[in-house]
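Residues per chain, in single letters:
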Amino acid sequence: QVQLVESGGGLVQAGGSLRLSCAASGSSFSIDAMGWYRQAPGKQREFVATCTRDGSTTYADSVKGRFTVSRDNAKNTVYLQMNSLKPEDTAVYYCHAQWRMLGVTGVVGSWGQGTQVTVSS
């Protein structure tokens, strides 16, 4: 089983920046894609950004040009650099990983516990 632990959330003023990190731990696994989702109060969880093992990235339209997702495969860690933050970015941010157990067919998805990001106006 893969466990994901996020860090780096907090309170920031509009226009500011934050960097989130998510580290995966476990044994005998390989991660395909790692990325981020967010859930604001009263809203459904939504996709933010993802990064494949070879570095290909995809972003939600709402964060393009402001957020950058990257990963360190050697550390099984994904990052989300968030710049020009807006109050509407306020949410709990969740890390997600698609991974497979070495020698076993099939991909599994795991979620982190979430980290709060609050952007004040």
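None of these values were measured; they are calculated from a predicted model. (Residues numbered from 1 in each chain as written. Predicted model: local features only at pLDDT ≥ 70, side-chain atom pairs only at ≥ 80, totals over all residues. Heavy atoms only, no water.)

Draft legend 1. Structural detail: the sheet that holds strand 8 (residues 77–82). One open sheet accounts for 4 strands, arranged 1-3-8-7; its pairing is antiparallel. Of all the strands in the sheet, the pair left with one neighbour each is strand 1 (3–7) and strand 7 (67–72). Ignoring which end each strand starts from, the neighbouring axes of this sheet average 15° apart. Pairing between strand 7 and strand 8: 6 bridges, direction antiparallel. The residue of strand 8 that forms the bridge with Ser70 is Tyr79. (Pairing = 2+ DSSP bridges. Helix = DSSP H or I, 4+ residues; strand = E, 2+ residues; numbered from the N terminus. Axes fitted to C-alpha atoms, helices over the stretch in contact; angles between N-to-C directions.)

Draft legend 2. Spatial organisation of the environment of Gln81. Locating Gln81 in the fold gives a position in strand 8. Separated by 77 residues in the primary sequence, Gln81 and Leu4 place their C-alpha atoms 18 Å from one another. Those residues in contact with Gln81 that lie beyond four places of it in its chain are Ser17, Leu18, Arg19, Arg66, Phe67 and Thr68. Looking at Gln81, its side chain comes within polar contact range of the side chain of Asn83, at 2.9 Å. (Contact = heavy atoms within 4.5 Å. Polar contact = N/O pair within 3.5 Å; in protein donor to acceptor, adjacent residues only side chain to side chain.)

Draft legend 3. Layout of the environment of Thr68. With respect to the helices and strands, the residue Thr68 is situated in strand 7. The sequence separation of Thr68 and Val107 amounts to 39 residues, and the corresponding C-alpha distance is 25 Å. In this view, Thr68 contacts Tyr59, Tyr79, Leu80 and Gln81; residues no more than four positions away in its chain are not counted.

Draft legend 4. Expanded view of the environment of Gly109. Looking at where Gly109 falls in the secondary structure, it is placed in strand 10 (residues 108–111). Note on Gly109: relative accessible area 46%, which makes it partly exposed. Residues Gly109 and Gln98 lie 11 residues apart in sequence; the distance between their C-alpha atoms is 4.6 Å. If sequence neighbours within four positions are ignored, Gly109 has contacts with His96, Ala97 and Trp99. (Buried < 20%, exposed > 50% of the residue type's maximum accessible area, 1.4 Å probe, protein only.)

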